[in-house]
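Notes for the structure review
Below, each chain spelled out in residue letters.
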Amino acid sequence: MELYLDTADVNAVKRLARILPLHGVTTNPSIVARAGKPLWDVLPALRDALGGTGKLFAQVLAEDADHMVAEAQMLTQRVPGLVVKVPVNGEGLAALKTLKSLGIPTLGTAVYAAGQGLLGALAGAEYVAPYVNRLDAQGSDGIAMVRQLQSLLDQHAPHASVLAASFRTPRQAVDCLLAGCRSITLPVDVAEQLFTAPAVDAAIQAFGNDWQGAFGTRVLS
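Just so we're clear, the structure is a prediction, and the values are computed from it rather than from any experiment.

1. A look at helix H8 (residues 142–156)
Here H8 spans 21 Å end to end across 15 residues, near enough to the 21 Å set by a 1.5 Å rise per residue. For H8, the full list of buried residues reads Gly 142, Ile 143, Met 145, Val 146, Leu 149, Gln 150 and Leu 153. All buried residues of H8 fall inside an arc of 155° around its axis, so they share one side. Each element contacted by the buried residues of H8 is listed here: strand S5 (106–111), helix H6 (114–123), strand S6 (127–130), helix H7 (132–137), strand S7 (161–164) and helix H9 (170–178). N-cap assignment for H8: the residue whose side-chain oxygen lies 3.2 Å from the backbone N of Ile 143 is Asp 141.

Here you go:
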């Protein structure tokens, strides 16, 4: 499994990289805009926060295939090893085909249907990113769509992986993994909820209290 953080918060990446087995960081134009710093400052800082390793993802802004390709080339020239995110619409599919021929790694993003995600993979994307919570918010079933997309890729595009995105709760993330998805990207708050809970804190506190009551200390000695 591959675990990513969906953020441009460098301090949060530093904090969680110490704790979690992160494979990298995903961003998009909205996330970078909220960070309020230039992309060319954010991406190197995120890589440093990961210890100089791990995958970084950044997205094109252009809306036609030729300019998407040009932006993807600029991104990878300025940030070597970057995976370029391209929306899976008509122009994006054309761009993905060209980028595949150029050897530029890509992720097909803004995926709202299993067939759409499959087309992105067949066009050359190494990853496709279904928007789980956004589908749920529209009255669809995000987890069911992830399950369908994973099955389609297994059968018809085994080179590609689902990298599920758009989560509101840890339960959604776990359900995606149970559906066969092998890569997820989580907002910082959802990632933290996976390992923090009042019940856990209470259990740890009780262990310490019991030990101190018996031995007069809260440390092993």
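Anyway, onward from the coordinates.
2. Remarks on the sheet that holds strand S4 (residues 83–87)
Strand pairing in a sheet takes place through backbone hydrogen bonds and is either antiparallel or parallel in direction. Strand order in this closed barrel of eight strands is S1-S2-S3-S4-S5-S6-S7-S8, and the pairing throughout is parallel. Within this sheet the neighbouring strands show an average axis-to-axis angle of 30°, counted without direction. By the bridge criterion, three bridges tie strand S3 (residues 55–59) to S4 in an arrangement that is parallel. Bridge pairing in S4 links Phe 57 to Val 83.

Reading the values: rules and limits
Residues numbered from 1 in each chain as written. Predicted model: local features only at pLDDT ≥ 70, side-chain atom pairs only at ≥ 80, totals over all residues. Heavy atoms only, no water. Helix = DSSP H or I, 4+ residues; strand = E, 2+ residues; numbered from the N terminus. Expected span 1.5 Å × (residues − 1). Buried < 20%, exposed > 50% of the residue type's maximum accessible area, 1.4 Å probe, protein only. Arc of directions from axis to C-beta. Contact = heavy atoms within 4.5 Å. Polar contact = N/O pair within 3.5 Å; in protein donor to acceptor, adjacent residues only side chain to side chain. Pairing = 2+ DSSP bridges. Axes fitted to C-alpha atoms, helices over the stretch in contact; angles between N-to-C directions.

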